[in-house]
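One-letter residues, chain by chain:
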Amino acid sequence: MQVQLIAIEAAAPEAALRQAGVGGDIALSALSAAHSNPHTHTKPNFSALPGPIAITRSVLRTHGFRGLWLGQTGTLIRESGGAVAWFGTKEAICSLLLRRRQRNSPFSSTDVPLTTKDLFAWESALAGAAAGVSYNVVLFPADSVKSALQTAEELQGTRAGLTFWSVARNMWAKQGMKGLYAGMGITTAKAIPSSAMIFVIYDTLSKMFA
């Protein structure tokens, strides 16, 4: 659903080229007109685009049940490795902060170590924010490849013969590391406050109900 508008707009210049004919100045003029003429390059009405049910039916009709799992390899790599980075970073930062507080506090006894139940809200938030950064930085390329594979048919017209690894090799060959990490900045910016909020809520509820 998220790439429908992009796919339709990307197809507009190609349609103009087909109408004008192939080659030379005619093709270039048609391509220029497709980008500059609002009547040629009209944005579709978002409310008129197919919804989730229609798209699900289309996927099942075109690719079968297997089509609903397109990109699963990238998701498994991202979620399994990302979860290790996410929780591992959170626990490591929390342990570091608790040891630091216990070492510097004259009222804390080293015989009774502080636990996650002793975390302040800001400590949970800091650890969660760091976890969000770690989750995205470590395995963001897997998500980039997954997204490229999932949208290849809409944006390129076909995904015949494409696999997770073939798409990864192609992205590396054409764009290098920069291509694999494209969009990481905004994704990480989103993950910092969301992960901080998640762990503040989780640690708070743990104190109340554990």
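Residues numbered from 1 in each chain as written. Predicted model: local features only at pLDDT ≥ 70, side-chain atom pairs only at ≥ 80, totals over all residues. Heavy atoms only, no water.

Peer 1: Now, about the packing of aromatic side chains: what can you tell me, with residues and values included?
Peer 2: A complete count under the given rule lists 6 aromatic pairs for this structure. A centroid spacing of 5.1 Å and a plane angle of 45° characterise the contact between Phe 65 and Trp 69, whose relative ring orientation is tilted. Owing to a relative accessible area of 59%, Phe 65 belongs among the exposed residues under this scheme. Judged by relative accessible area, Trp 69 falls into the partly exposed class, the value being 45%. Seen in terms of ring centroids, Trp 86 and Phe 87 are 5.0 Å apart; in terms of plane orientation they differ by 70°. Their pairing is edge-to-face. Classification of Phe 87 as partly exposed rests on a relative accessible area of 44%. What links up through ring pairs into an aromatic cluster is the set Trp 86, Phe 87 and Phe 199. The ring of Phe 120 carries Arg 101 above its face, with NZ or CZ at 3.9 Å from the centroid. (Phe/Tyr/Trp six-rings, centres within 6.5 Å; stacked < 30°, edge-to-face > 60°. Buried < 20%, exposed > 50% of the residue type's maximum accessible area, 1.4 Å probe, protein only. Lys NZ or Arg CZ within 6 Å of the ring centre and 35° of its normal.)

Peer 1: Tell me about the packing of helix H4 (residues 72-104) against helix H7 (residues 184-209), and please be specific about residues and values.
Peer 2: For the pair H4 and H7, interaxial distance at closest approach is 13 Å and the crossing angle is 60°. Taken together, the axes of H4 and H7 are oblique relative to one another. Note that H4 runs across H7; the crossing there is right-handed. The segment H4 lies against H7, with Trp 86, Phe 87 and Lys 90 engaging Ser 195, Ile 198, Phe 199 and Asp 203. When its residues are assigned to classes, the contact of H4 with H7 shows 4 nonpolar, 1 polar and 2 charged. (Axes fitted to C-alpha atoms, helices over the stretch in contact; angles between N-to-C directions. Helix = DSSP H or I, 4+ residues; strand = E, 2+ residues; numbered from the N terminus. Parallel < 35°, antiparallel > 145°, perpendicular 65-115°, else oblique. Left-handed = near helix turned anticlockwise from the far one by under 90°. Contact = heavy atoms within 4.5 Å. Nonpolar A, V, L, I, M, F, W, Y, C, P; charged D, E, K, R; others polar.)

Peer 1: Kindly report on a nonpolar patch on the surface, identifying the contributing residues and their values.
Peer 2: Together, Met 197, Ile 201, Leu 205, Met 208 and Phe 209 make up a nonpolar patch on the protein surface, roughly 570 Å² of accessible area in all. Residue classification places Met 208 among the exposed positions, given a relative accessible area of 56%. (Patch = residues over 30% accessible without salt bridge, like charges linked within 9 Å, V, L, I, M, F, W, Y side chains within 5 Å. Areas by Shrake-Rupley, 256 points an atom, 1.4 Å probe, with all protein chains shown as cover. Salt bridge = Lys/Arg side-chain N within 4 Å of Asp/Glu carboxyl O.)

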